[in-house]
Amino acid sequence: MSSDTPGGPGAHPDHATLDEGAAQDLLRGICFKTGPPRIVGVELEWLIHDQENPAVPVAQERLDSAVAALRELPLSAALTFEPGGQLELSSQPAGSLMECIGTTAADLAAVRASLGRDGLAPVGLGVDPWQTPHRRLREPRYDAMEAALDRAGPSGRAMMCTSASVQVCLDAGEEEPGPLGYGRRWQLTHLLGAVLVAAFANSPFRQGRPTGWKSTRQALWADLDPVRTLAPTGGFPPREAWAAHVLDTTVMCVRRDEGPWDVPEGLTFREWIRTGAPRPPVRADLDYHITTLFPPVRPRGHLELRMIDAQSGADGWLVPLAVATALFDDPEAAETVYRTVKPLAESAGSAAAPRNPLWTTAAREGLADPELRAAATVCFETALTALDRMGADKAVRDTVAAFNDRYVARGRCPADDLLEPGALTALSRPTGPAGEPGTEPHTGRVASA
């Protein structure tokens, strides 16, 4: 739903130099825009594979031709591409869950058809199970991002080039306290987020081998930078906590109109303001800096839930979208799920997500962990009831119920299917019935697709 991708170009710089007070005021003013929750959006990332030989990299010329055809489509969503060639669809803000699902499903149908004419398919997996990281986009911002993340190890390149996700975008919530208050919702995201990681874990392989994680994607994100991927800490109210976090996180790069971008080491945005070197920062630099922060939940006026692996099947993507929207935006469900996940704070401890024991267990074990399984069971049952109250149609409710029956009720996640003997070999065979290699569709198709 946002207009940028991580590392995207951001707004055009203006000429007003920022001081520290102005930067704090801007951050507090734009991070949580409050009001009754009503808007929802989704950002879907997809790996692009050959339909007949998905384990073989797609040639650059072939991908370029397919991309050119996709750019001609009259899509409602914004179409962008990640450094490794992953496709991303960012929906327009929708006034209801069903509107969001309907427009996104229509866009996906057009994308699948276009790619299919080139023998390609969009594939929903959290991490490419075969490919080594290979950057296809050569632009100054990605050169700078790669250089900055390489300082912490190889996980940055793997994230940039081989990962894919479902990002759910929801309103920040009401100013007043209560089930829909933004403070409660902010707290809820960092506990329920671990349950969503576990329930939708879908990336147990990397470069042809099991990694020991149900969500290798989440493990990569937690590992790629010491601070950039963390939730704010310090026990401050949400606005103050986020403002401090943004200013005290290191600057990934300093943009230039020409030539390579500077990649300073150890320079926080606060220090950049105070020193004015290598040049004084302006408002557009702050806007851009925010897009280079990758916490599990990023406040951009609305809340971006960034912790969910891409999902397999023709309509697997709508399950996390529907479940998260129901649990956050239905007042009764929000109260129930808050009481359900609040005890998980003890397992999380004092460390920030996603580097605390709760999130690590979710990524490593999925719903094999009894505590996470119990929480997920209540959350999905609550979501199904809330979806009925919210007017979700039968096809959507059936799709969520099928996922619940297949995975959550059995203490499993999609990664467990991939870890079955011979599953990766089957995944590398020609296209399965859902239009993705070796996958099966969830029962209950979206009628609007």
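Keep in mind that what you see is a predicted model, and the values were worked out from it rather than measured.

S.K.: Residue-level account of the pattern of salt bridges, with values.
M.R.: Counted under the stated rule, the structure contains 30 salt bridges. E304 is paired through a salt bridge with R300; the nearest N and O atoms lie 3.7 Å apart. Among the salt bridges present, the one from R412 reaches E420, with a minimum N-O distance of 3.5 Å. The partly exposed category is assigned to E420, whose relative accessible area is 39%. Residues joined by salt bridges that share partners form a network here, namely R135, D143, E146, D150 and R157.

S.K.: Summarise the nonpolar core; cite the residues concerned and give the values.
M.R.: Counting residues in hydrophobic clusters, the biggest one holds 100 residues, and the most contacted among them are L87, L192, W317, L321, V341 and F380. Sort the elements by how many residues they give to this core and helix α6 (residues 182-199) lands first, with 11 residues. Setting aside residues no more than four positions away along its own chain, W317 makes contact with L44, W46, I101, T104, A105, L108, V166 and Q311.

S.K.: Give a detailed account of helix α4 (residues 140-150), specifying residues and quantitative values.
M.R.: Buried residues of α4: R141, Y142, A144, M145, E146, A148 and L149, and no others. On its buried face, α4 sits against β2 (78-81), α5 (155-162) and α10 (283-291).

S.K.: Just give me the short version of the pairing of β2, but keep the residues and values in it.
M.R.: Of the two faces of β2, the one lined by L79 and F81 is fully buried and the one lined by A78 and T80 carries no buried residue. Inspection of the sheet shows β2 paired to strand β3 (residues 87-90) by four bridges, in the antiparallel sense. Bridged to A78 within β3 is S90.

S.K.: An account of the packing of α6 against helix α11 (residues 318-329) is needed here, citing residue identities and associated values.
M.R.: Direction vectors running N to C along α6 and α11 enclose 140°, while the axes themselves pass 11 Å from each other. Judged by the angle between their axes, α6 and α11 are oblique. For the crossing formed where α6 meets α11, the hand is right-handed. Residue-level inspection shows R185, L188, T189 and L192 of α6 in contact with α11, the latter providing L327, F328 and D329. Among the residues forming the contact of α6 with α11, the class breakdown is four nonpolar, one polar and two charged.

S.K.: Mind laying out unusual backbone geometry, listing which residues take part and the relevant values?
M.R.: Here A277 and P278 are connected by a cis peptide whose omega angle stands at 10°. Cis geometry marks the peptide bond from A353 to P354; its omega dihedral reads 5°. Along the chain, P354 falls in the loop between α13 (344-348) and α14 (357-365). Residue Q207 is not a glycine yet carries a positive backbone phi of 50°. Of note, Q207 is situated in the loop between β6 (205-206) and β7 (209-210).

S.K.: So what about the side chain of S114? Which residues, and what values?
M.R.: With respect to the helices and strands, S114 occurs in helix α3 (residues 97-117). Residue classification places S114 among the buried positions, given a relative accessible area of 3%. Setting aside chain neighbours within four positions, we find S114 in contact with A69, L70 and L73.

Rules used in this analysis
Position numbers for residues count from 1 along each chain, tracking the sequence in the order it is written. Two thresholds apply to this predicted model, a pLDDT of at least 70 for residue-level local features and 80 or more for giving and counting side-chain atom pairs, whereas whole-chain, interface and lining totals are computed over all residues. Only hydrogens and water are set aside; all other atoms, that is, all heavy atoms of the structure, feed into the side-chain values. Salt bridge, as applied in this entry: a Lys or Arg side-chain nitrogen positioned within 4 Å of an Asp or Glu carboxyl oxygen. Only protein chains enter the accessibility calculation, which uses a 1.4 Å probe; a residue whose area is less than 20% of its type maximum is buried, one above 50% is exposed, and one in between is partly exposed. Here the nonpolar core consists of buried residues drawn from Ala, Val, Leu, Ile, Met, Phe, Trp, Tyr and Cys, with membership extended through side-chain atoms lying within 4.5 Å. Secondary structure elements are taken from DSSP: a helix is a run of H or I of four residues or more, a strand is a run of E of two residues or more, and numbering for both begins at the N terminus. It only takes one pair of heavy atoms within 4.5 Å for two residues to be counted as in contact. A pair of strands counts as paired when DSSP detects no fewer than two bridges linking them. Structural elements are reduced to axes, namely lines fitted to C-alpha atoms, with helices fitted over the stretch in contact, and the angle between N-to-C directions of any two is expressed from 0 to 180 degrees. Roughly parallel refers to an angle under 35 degrees, roughly antiparallel to one over 145, roughly perpendicular to one between 65 and 115, and oblique to any angle outside these ranges. Crossings are classed by handedness, with left-handed meaning an anticlockwise turn of the near helix from the far one by less than a right angle and right-handed meaning a clockwise turn. Nonpolar residues are Ala, Val, Leu, Ile, Met, Phe, Trp, Tyr, Cys and Pro. Charged residues are Asp, Glu, Lys and Arg, and all others, Gly as well, are polar.

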